[in-house]
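Structural characterization, general
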Amino acid sequence: MEVSHTPLQAPAISSPKPRKKPFYANLWVQVLLAMGVAIGFGYFSPVRAIAMKPLGDGFIKLISMIITLIIFCTVVTGIAGMQDMKKVGRVGGRALLYFEIVSTAALLMGLVVGNVVRPGSGFNVNLATLDAKAVADYAGQAKTQSVTDFLMHIIPTTVVDAFAKGDILEVLLVALLFGFALSAVGPRSKPLVDVFDALTHAVFGVVNILMRFAPIGAFGAMAFTVGKYGIEALGPLVKLIGTFYLTSILFVFLVLGAIARIAGFGIVKFLLYIKEEILLVLAISSSEPALPTLMEKLEKLGCSKSLVGLVVPTGYAFNTDGTSIYMTMAALFVAQATNTHLTLLQQLTIFSVAVLTSKGASGVQGAAFIALVGTLSVIPTIPVAGMALILGIDRFMSMFRATVNMIGNGVATLVVARWEKELDGETLQRNLVGSSV
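Structural notes, computed from the coordinates. (Residues numbered from 1 in each chain as written. Predicted model: local features only at pLDDT ≥ 70, side-chain atom pairs only at ≥ 80, totals over all residues. Heavy atoms only, no water.)

Within the protein one finds 21 helices and zero strands. Once local pairs closer than 6 in sequence are excluded, the contacts in the protein between residues at least 24 apart make up 85%. In the structure as shown, the protein presents an accessible area of about 20200 Å², 67% of it carried by carbon and sulfur atoms. (Helix = DSSP H or I, 4+ residues; strand = E, 2+ residues; numbered from the N terminus. Contact = heavy atoms within 4.5 Å. Areas by Shrake-Rupley, 256 points an atom, 1.4 Å probe, with all protein chains shown as cover.)

So, in structure tokens, the structure goes:
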């Protein structure tokens, strides 16, 4: 009799659950803790706190040195990865249309709030007491740009010069041309596209290493800000700061919140999802350090790498919601504080010029202040020396300015991705809930 042998089944081995990262190991916790310590340090020991400035500046320089490379690689691989030039044009066109509508709405919101709240009324500033020299350096860098000047500025002297200066708009133009060229070449360009794709991964690997120093950079930047200007420096201008902060918050929750709801996701869940980036930008007062990790998180939500690579870098140059609110509101503040009456036509002129000058003012510290000086110069009756009033608090303003810019670009990317039907609302909501815990 033949006996059948039933093979013994090996007992199922359950794979060990990945260890949950300790609470204190989260980047946002470390950055938040560093900010808290820095505020206390800056308040109780301002002289030593000011000496911490190189920590913040050094971290920003570390990230800035590879930002142009990230933008170039992601835009080139994004366009080449789409292959369909019609899709590239469609995505780019929709993104630019969205950027212009929303950033114009932000300019208008700053203008309306500035007229209603009038944060500069009652100052009655004597121009003779202002330190015009403090603004002279910024005025020297600022100049009124026509549309032609703006377009000519985008064109670099040489390709290398665009990267050497770190000008996002110039690098973006070079990347767009290179991406279109590789896409036109077709399959023969695949080896080069693969090289750029591999380089992109390597650069993001560098970013992951550098982000470990984010708490140190946040500590240095915040300690310097509090130590240099002091909490008491906010006193005389608390109405302007409070008005700008509140307007920025309302813009995020009302305007961007409504846009997010239409696109099928909640703005609060998205803010929780990018909480590390928000805290980092608040501490550093620059949106550039958050660009690489923001792009990674948007891809994890379901946006295609090619779409993220095209929309986010473009948005950093053209979608400056926080800067837009700041420019119109600050312009009205200077006029009101110096008792300079502005007609409706003059206000609309400031609004129109700011539509142009606000572009390219994202990411870099001080760029928005320089752009504002250039904008005010179109109305000779407004004393540019009045900018000295807000020079000391510009660092506090830039915290929210850069944060709103970054949040706006994240929302814009998700909107364009939904527009392109790259991800559905249910998947987006599920990914947001699962990743924001």
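Moving on to unusual backbone geometry. Within the chain, arginine 118 stands out as a residue other than glycine whose phi angle is a positive 50°. Locating arginine 118 in the fold gives a position in the loop between helix H4 (85–117) and helix H5 (133–141). Judged by relative accessible area, arginine 118 falls into the partly exposed class, the value being 38%. The backbone phi angle of asparagine 339 is positive, close to 55°, even though this residue is not glycine. Relative to the assigned elements, asparagine 339 resides in the loop between helix H16 (321–337) and helix H17 (344–357). Taking relative accessible area as the criterion, asparagine 339 reaches 53% and is therefore assigned exposed. (Buried < 20%, exposed > 50% of the residue type's maximum accessible area, 1.4 Å probe, protein only.)

Going through the model one piece at a time under the given rule, you end up with 11 aromatic pairs. Measuring from centroid to centroid gives 6.3 Å for tyrosine 98 and phenylalanine 99, while their planes differ by 75°, and the two rings are edge-to-face. An aromatic cluster is built from Phe72, Phe163, Phe178 and Phe196, whose rings are joined through pairwise contacts. Between the NZ or CZ atom of arginine 401 and the centre of the ring of tyrosine 326, over which it lies, the distance is 4.2 Å. (Phe/Tyr/Trp six-rings, centres within 6.5 Å; stacked < 30°, edge-to-face > 60°. Lys NZ or Arg CZ within 6 Å of the ring centre and 35° of its normal.)

We now examine the environment of serine 324. Among the secondary structure elements, serine 324 is positioned in helix H16. Residue classification places serine 324 among the buried positions, given a relative accessible area of 0%. A sequence separation of 27 residues divides serine 324 from phenylalanine 351, and the C-alpha atoms of the two residues are 9.4 Å apart. Those residues in contact with serine 324 that sit more than four places away from it in its chain are Ser103, Ala106, Leu107 and Ser358.

With that settled, the discussion passes to the pattern of salt bridges. Counted by the stated rule, this structure contains seven salt bridges. Two residues, lysine 53 and aspartate 57, come together in a salt bridge whose shortest N-O distance is 2.5 Å. On the criterion of helical spacing, the pair formed by lysine 53 and aspartate 57 is a turn pair, its members being four residues apart in helix H3 (residues 53–82). Between glutamate 277 and lysine 297 there is a salt bridge, with its nearest N and O atoms 3.0 Å apart. Here glutamate 277 is found in helix H13 (residues 275–284), whereas its partner lysine 297 is found in helix H14 (residues 291–300), with 20 residues between them in sequence. Overall, lysine 297 belongs to the buried group, its relative accessible area being 16%. (Salt bridge = Lys/Arg side-chain N within 4 Å of Asp/Glu carboxyl O.)

Most of H13 sits out of view: 10 of its 10 residues are buried. At the exit of H13 stands serine 285, carrying a positive phi of roughly 65°.

Here we come to a nonpolar patch on the surface. Among the surface-exposed residues, Leu246, Ile249, Leu250, Phe253, Leu254, Val268 and Leu272 lie close enough to one another that they form a single nonpolar patch of about 620 Å² accessible area. Elements with a minimum of two residues in the nonpolar patch: helix H11 (238–263) and helix H12 (267–273). Looking at the nonpolar patch, the element that brings in the most residues is H11, giving five residues. Summarising the element assignment, isoleucine 249 is placed in helix H11. (Patch = residues over 30% accessible without salt bridge, like charges linked within 9 Å, V, L, I, M, F, W, Y side chains within 5 Å.)

A few words on H11. A rise of 1.5 Å per residue sets the reference length of H11, with its 26 residues, at 38 Å; its end C-alpha atoms lie 36 Å apart and thus fit the reference within 8%. Maximum bend of H11: about 40°, positioned at glycine 257. Immediately downstream of H11, the backbone of glycine 264 shows phi near 100°, a positive value. (Expected span 1.5 Å × (residues − 1). Bend = angle between axes of the 7 residues up to and from the residue.)

Residue position: threonine 74 is located in helix H3. Considering only alpha carbons, one finds threonine 74 and glycine 179, 105 residues apart in sequence, at a separation of 9.7 Å. Not counting residues within four places of it along the chain, the set of residues in contact with threonine 74 comprises Thr200, Phe204, Met295, Gly309 and Pro313. Engagement of the side chain of threonine 74 in a polar contact is seen with the backbone oxygen of isoleucine 70, the distance being 2.6 Å. (Polar contact = N/O pair within 3.5 Å; in protein donor to acceptor, adjacent residues only side chain to side chain.)

As far as function goes, none of this settles anything; it's purely spatial.
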